[in-house]
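Tertiary structure, described
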4 protein chains.
Amino acid sequence: MSSVVLLLSCRDRPGIVAGVAGWVSAIGGNIIDAQQHTDAQDEMFFQRVQFTPPLGSALTDLESQFAAVAIELGLTYRFCSLPYRPRTAILVSKHLHCLGDLLSRAHLHDASIDVQLVVSNHVDAAEMCGMFRRPFVHLPVEATANGRSTQEQRLAMELDSHDLDLVILARYMLVLPSNIVRPWFGRMINIHHSFLPSFVGANPYRQAHDRGVKVIGATAHYVSEVLDEGPIIAQDVTRVTHRDDVQELSRRGRDLETLVLANAIRAHVEHRVLVVGNRTVVFE
Amino acid sequence: MSSVVLLLSCRDRPGIVAGVAGWVSAIGGNIIDAQQHTDAQDEMFFQRVQFTPPLGSALTDLESQFAAVAIELGLTYRFCSLPYRPRTAILVSKHLHCLGDLLSRAHLHDASIDVQLVVSNHVDAAEMCGMFRRPFVHLPVEATANGRSTQEQRLAMELDSHDLDLVILARYMLVLPSNIVRPWFGRMINIHHSFLPSFVGANPYRQAHDRGVKVIGATAHYVSEVLDEGPIIAQDVTRVTHRDDVQELSRRGRDLETLVLANAIRAHVEHRVLVVGNRTVVFE
Amino acid sequence: MSSVVLLLSCRDRPGIVAGVAGWVSAIGGNIIDAQQHTDAQDEMFFQRVQFTPPLGSALTDLESQFAAVAIELGLTYRFCSLPYRPRTAILVSKHLHCLGDLLSRAHLHDASIDVQLVVSNHVDAAEMCGMFRRPFVHLPVEATANGRSTQEQRLAMELDSHDLDLVILARYMLVLPSNIVRPWFGRMINIHHSFLPSFVGANPYRQAHDRGVKVIGATAHYVSEVLDEGPIIAQDVTRVTHRDDVQELSRRGRDLETLVLANAIRAHVEHRVLVVGNRTVVFE
Amino acid sequence: MSSVVLLLSCRDRPGIVAGVAGWVSAIGGNIIDAQQHTDAQDEMFFQRVQFTPPLGSALTDLESQFAAVAIELGLTYRFCSLPYRPRTAILVSKHLHCLGDLLSRAHLHDASIDVQLVVSNHVDAAEMCGMFRRPFVHLPVEATANGRSTQEQRLAMELDSHDLDLVILARYMLVLPSNIVRPWFGRMINIHHSFLPSFVGANPYRQAHDRGVKVIGATAHYVSEVLDEGPIIAQDVTRVTHRDDVQELSRRGRDLETLVLANAIRAHVEHRVLVVGNRTVVFE
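Analysis parameters
- Residues numbered from 1 in each chain as written.
- Chains lettered and ligands numbered in written order.
- Predicted model: local features only at pLDDT ≥ 70, side-chain atom pairs only at ≥ 80, totals over all residues.
- Heavy atoms only, no water.
- Helix = DSSP H or I, 4+ residues; strand = E, 2+ residues; numbered from the N terminus.
- Rg over C-alpha atoms; globule rule 2.2 N^0.38 Å.
- Buried < 20%, exposed > 50% of the residue type's maximum accessible area, 1.4 Å probe, protein only.
- Contact = heavy atoms within 4.5 Å.
- Areas by Shrake-Rupley, 256 points an atom, 1.4 Å probe, with all protein chains shown as cover.
- Lys, Arg positive; Asp, Glu negative; His and termini not counted.
- Charge placed at Lys NZ, Arg CZ, Asp CG, Glu CD.
- Buried area = accessible area lost by both parts, 1.4 Å probe.
- Salt bridge = Lys/Arg side-chain N within 4 Å of Asp/Glu carboxyl O.
- Polar contact = N/O pair within 3.5 Å; in protein donor to acceptor, adjacent residues only side chain to side chain.
- Nonpolar A, V, L, I, M, F, W, Y, C, P; charged D, E, K, R; others polar.
- Phe/Tyr/Trp six-rings, centres within 6.5 Å; stacked < 30°, edge-to-face > 60°.
- Least-squares fit on C-alpha atoms with pLDDT ≥ 70 in both.
- Pairing = 2+ DSSP bridges.
- Axes fitted to C-alpha atoms, helices over the stretch in contact; angles between N-to-C directions.
- Disulfide = S-S within 2.5 Å.
- Domains from an automatic or database assignment.
- Expected span 1.5 Å × (residues − 1).
- Arc of directions from axis to C-beta.

1. A look at the overall build of chain A
Along its length, chain A carries eight helices and 13 strands. Computed over C-alpha atoms, the radius of gyration of chain A comes to 21 Å, within 12% of the 19 Å expected from 2.2 N^0.38 for 284 residues, which places it in the range of a compact globule. Seen along its three principal axes, the alpha-carbon backbone of chain A occupies a region of about 60 × 40 × 40 Å. A total of 284 residues make up chain A; the buried ones form 58% of that total. Within chain A, residue pairs in contact and separated by at least 24 positions form 66% of the contacts whose partners lie at least 6 positions apart. Put simply, chain A shows about 11100 Å² of open surface, and 51% of that area lies on carbon and sulfur atoms. Across chain A, the centroid of the 26 positively charged side chains sits 5 Å from that of the 31 negatively charged ones.

This is the structure in structure tokens:
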């Protein structure tokens, strides 16, 4: 553990910054970075404080030492350590550009994720997983009455059995049921291939083409129980023209999706994201 | 008239480019710029040909000379002349940034529009119109049973009585009825303060804030009978963060709206826009 | 005065955030926003703290009350008040788009500057100043041996005689001598029509065209004694293609210049800019 | 061969579009896409015509058939076929993000290059080449008097002996001598990690940081005999702030470099690039 991140939120009131900074100072920590955000409309205060803890102090020590301050100031908070390299499952279907990018980044130490397994309803990803020596689990949907629910049960078991910290839906084209999504809220990131809330659901590039938009986008968000409605972590866009047919929109979108997902994951593993209702505070 | 623009569309088939270029060559014209677009899915062909006509030839001459070619190739087409400086009405409510920008550009010869009148349901724009010596017409909505329809009738009369070529809705906050919109299709441009199709209707910045998007946009489109559904001419976007409240989104959006509207008008007056169903081809 | 901004810098060391926040808390102030930046390489710390002061306290009171903290922590600092509406001179030559935009924004209360005078070596801006009822001073360069130095002396006198807080070079095409520039360092903002450090000096769009770049830019910076070398406040860029000749680059660049200058001025008047050597920290 | 691309340039004069389109029509070809560009300043005309050739016609047939037209119109031209998948060498040093991206794209059929070999002065790329089963050639520079020139000779031999169509410098950190560069002009693409012409040479992110720019960029260009001065094919940029130190600029720049290089290669293999002096025309 090289540094500690304290993420907190509370009703806005005077004295929070001083209280928190004073506590870090009092325990012998040194603040490396502090960012705050005040939501004037909702009268809420949010802060991310990154500090070097005193030698030998554990996260649990800090938490118990901080409890009194937190109660006094009415804080909701959590402590996290850096560097963080979450045990991660990547779910994917047939489009492999995000998977390839994440495996390549992890290989080059450019993404701080420890890919424990890759799960897919198709076999296409098997070869790439072999190349990067990552375990691949094929969970096809059988064409039977309860093929889908059986597959979902097996998926839930896979996710449960690997002591995972993070699940990434890297163009996984099946909608997950609430019972899978719910326990992972805030730790399951999806990349949607449109500029949400435009073009929810299937075939967003087709929808974009039919509407004749001049800009397309991609959105990475925490998965919630309502499809494509979870808190947005990152979005980006690129200009398109009438020359771009659906296939070309998809091709250009792939580069967008890849980058937006990578950026969202980076924000997550650096403990820079606070979920606030259905929105996020993403510190820089 | 320094040059002529021929805008055409037809079912795709061999020989169109050669046929059109051959005709221009045959009448002694010189092609300055030619752009084409083939929509493979719909099997349609679109072209914009800009050429210097032979000395002394009028637009009507060219049209009649071209008729035989057009019939042979099955073309839908129109001829336009450049430079073009349409007689324009600007409709506005209380937000005056687009109006100020357009008047300033027109004054500096950076927007090729001849502003014949500015119409508003509020008085706020009167002062700026005075400064730029443009006629201002105040059409308030009276708080009576038929106040709205009376205002709409007066507006329709204003638009009819000035021999206008173009109507610009520069943040005009009243929805226009079909009978006003219909005759102006393809010649009435609206700026909507969101990245359509996200956030149709009222208060798009409030909607954007509540959804927690990380990018906001603005959209200029030809007005059709369905609110915010007309063919998009231009869009642009800018990144935002959790720090930006609704007021700040609106402020940043103003600069976007101003630029997107100016760019759409430029494309229109340069005869670079072809409406295709509910989409546009915008040549460069 | 609705709030106070404290801008400070110092060698990085533990306890600064706590010390400053504790002081604000102790005098009964309430921190609205606090942003900090640590430059690990140079071991420097920078902070912007915006707070509501206790009722009735003047800037000078705060400064004297803070002196002991500042000495203890080794801080360089200044206090500023918000809202701030600096008495401003705008210098301009023949290109008037930035001037028109700034006057229009000031008129619409979208730029917090109080334009005391507009100075130009050409007469072109006179009409626009008349429209916006802003004093215009024509300082032509006479075609005599010492025409340029005479004009510079008159300019220096104009700048000295209006109790100005800010000077904006809004496409003023004459290089200012050091004796004029020096006293205004940190309060004189220039817009350069290229993405500095590319294309220093004259005709940057011509230079950009000749180099065949695919992106052009604009740069707003504090003016220093070395031409186009001062600390950069804001930059933005736009894509171009081989289709864009020098004239079109200039046209597209105008919109860039206008926006970049407006954004730099906004950062300046909101006391969000700290100059650090030849760089800036621009808080959000 | 599914289609043919004709790239041509000539002094601008009337009748070229008609002449070329007429020829395609006459031989029974069908134009799929035609784009042209007139450089008014230099009075030059450039065109890219993509057409479906008559069944069974070879490129050499078309060339000989076209010769008469070309002579009559004074055209410089070349015919190319699509799809095109050039035999490619990738040169790389220690930074492997561009290499990883290109190998991954080629593997996923998202980049139309046939990677014949990867050459490096370091061993770092060997593992990744192994994963993607691409031949890796290690050409270290020995620490001897003529170590560098020996390495260059071996490199020249490698490039000569594989019947290559394209050489990609994907962050190859050694400057190549003229005798290697010259024969590959127009077929050797380099990615430079700055927004050229800013920050030529070594350590551009360090240079960018020291200048305090607010935007960084990447540039893909054909390699010419003058370092970082060749014709630019593609550029892109991203915003940065004072928070980004050199390491973070480098990290963010990697994503830029990767995309810009991939886009430049796509333009090249789709025969959309015409070199004009030290500039390029990049058709869309």
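From this point, the narrative continues.
2. Concerning the interface of chain B and chain C
Taken together, the contact pairs 22 residues of chain B with 22 residues of chain C. Where chain B abuts chain C, roughly 2000 Å² becomes buried across the two surfaces, and 50% of that area is made up of carbon and sulfur atoms. On the chain B side of the contact with chain C, B:Met131, B:Arg243 and B:Asp255 bury the most area, a combined 28% of that side's loss. For the pair chain B and chain C, the interface holds eight salt bridges. In this structure, B:Glu127 engages C:Arg133 in a salt bridge whose closest nitrogen and oxygen atoms are separated by 3.3 Å. Where chain B meets chain C, there are ten residue pairs in polar contact (both at pLDDT 80 or more). Within the residue set of the side of chain B that touches chain C, elements represented by two or more residues are strand S2 (30–39), helix H3 (97–107), helix H4 (126–131) and helix H8 (246–269) of chain B. Here the side of chain B that touches chain C is built from residues that sort into six nonpolar, five polar and eleven charged.

3. What about the interface of chain B and chain A?
Contact residues are listed per partner, giving 34 residues for chain B and 34 residues for chain A. Buried surface at the junction of chain B and chain A, summed over both partners, amounts to about 3100 Å²; 50% is from carbon and sulfur atoms. If you sort the residues of chain B by the area they bury against chain A, B:Arg211, B:Lys214 and B:His242 come out on top, with a joint share of 24%. Between B:Arg211 and A:Glu229 there is a salt bridge; the shortest N-O distance is 3.9 Å.

4. A closer look at the packing of aromatic side chains
In this description, a pair of aromatic rings is defined by centroid distance and the angle of the planes. In the structure shown here, the tally under the stated rule is 28 aromatic pairs over all chains. On the numbers, 5.1 Å between centres and 75° between planes, the contact of A:Phe66 with A:Tyr77 is edge-to-face. One end of the pair, A:Phe66, is in helix H2 (residues 59–73); the other, A:Tyr77, is in strand S4 (residues 76–82), and eleven residues separate them in sequence. By relative accessible area, A:Tyr77 is classed as partly exposed at 29%. The interplanar angle of 85° and the centroid separation of 5.5 Å between the aromatic rings of C:Phe66 and C:Phe79 together place this pair among those described as edge-to-face.

5. Points about the relation of the copies chain B and chain C
When chain B is fitted to chain C, the residual RMSD is 0.0 Å, and the transformation amounts to a turn of 180° plus an axial shift of 0.0 Å. Such values leave the two copies arranged in the relation of a two-fold axis. Closest to the rotation axis within chain B is the C-alpha of B:Met131, separated from it by 2.6 Å. Most of the interface of chain B is mirrored in chain C, where 100% of its interface residues again form contacts.

6. A word on the sheet that holds strand S8 (residues 166–169) of chain A
Residues and elements named next belong to chain A. As summarised here, the arrangement of the seven strands in space is S7-S6-S5-S8-S9-S10-S11, forming an open sheet in which the pairing is mixed. The open sheet has two edge strands with one neighbour each: strand S7 (136–138) and strand S11 (232–239). The mean angle between the axes of side-by-side strands here comes to 15°, regardless of whether they run parallel or antiparallel. With three bridges connecting them, S8 and strand S9 (residues 188–192) associate as parallel partners. Across the sheet, Val-167 pairs through a bridge with Met-188, a residue of S9. Contacts between helix H5 (residues 147–160) and the sheet are confined to strand S5 (87–92), strand S6 (114–120), S7, S8 and S9, with S5 contributing the most and set at about 160° to the helix.

7. Focus on the state of the cysteines
For the structure shown, the criterion picks out zero disulfides over all chains. Among the cysteines around A:Cys80, which has no disulfide bond, A:Cys10 carries the closest sulfur, lying 17 Å off. Sulfur of B:Cys98: no disulfide; nearest cysteine sulfur belongs to B:Cys129 and is 14 Å away.

8. Considering the relation of the copies chain B and chain A
Structural alignment of chain B on chain A gives an RMSD of 0.0 Å, achieved by rotating through 180° and translating 0.0 Å along the axis. In this assembly, 100% of the residues forming the interface of chain B have copies in chain A that are likewise at the interface, indicating an isologous arrangement.

9. Some words on the domain arrangement of chain A
In many reports, interface size means the accessible area that the parts give up when they come together. Residue and element names in this part refer to chain A. Annotation of chain A at the domain level lists domain 1 (3–82) and domain 2 (87–282). Computed over C-alpha atoms only, the centres of domain 1 and domain 2 are separated by 32 Å. Facing the 13 residues of domain 1 at the interface are nine residues of domain 2. Summing the contributions of domain 1 and of domain 2, the shared interface buries around 770 Å²; its carbon and sulfur component is 66%. It is Leu-7, Phe-46 and Arg-48 that lose the most area in domain 1 upon contact with domain 2, and together they represent 47% of the buried surface on that side.

10. Thoughts on H5(A)
Residue and element names in this part refer to chain A. With 14 residues, H5 should cover 20 Å at 1.5 Å per step; its first-to-last C-alpha distance of 20 Å lies within 8% of that length. All buried positions along H5 are accounted for by Gly-147, Gln-151, Glu-152, Leu-155 and Leu-159. Viewed end-on, H5 has its buried residues packed into an arc of 130°, placing them on one side of the element. Those residues of H5 that are exposed and aimed more than 90 degrees away from the buried face are Gln-153, Met-157 and Asp-160.

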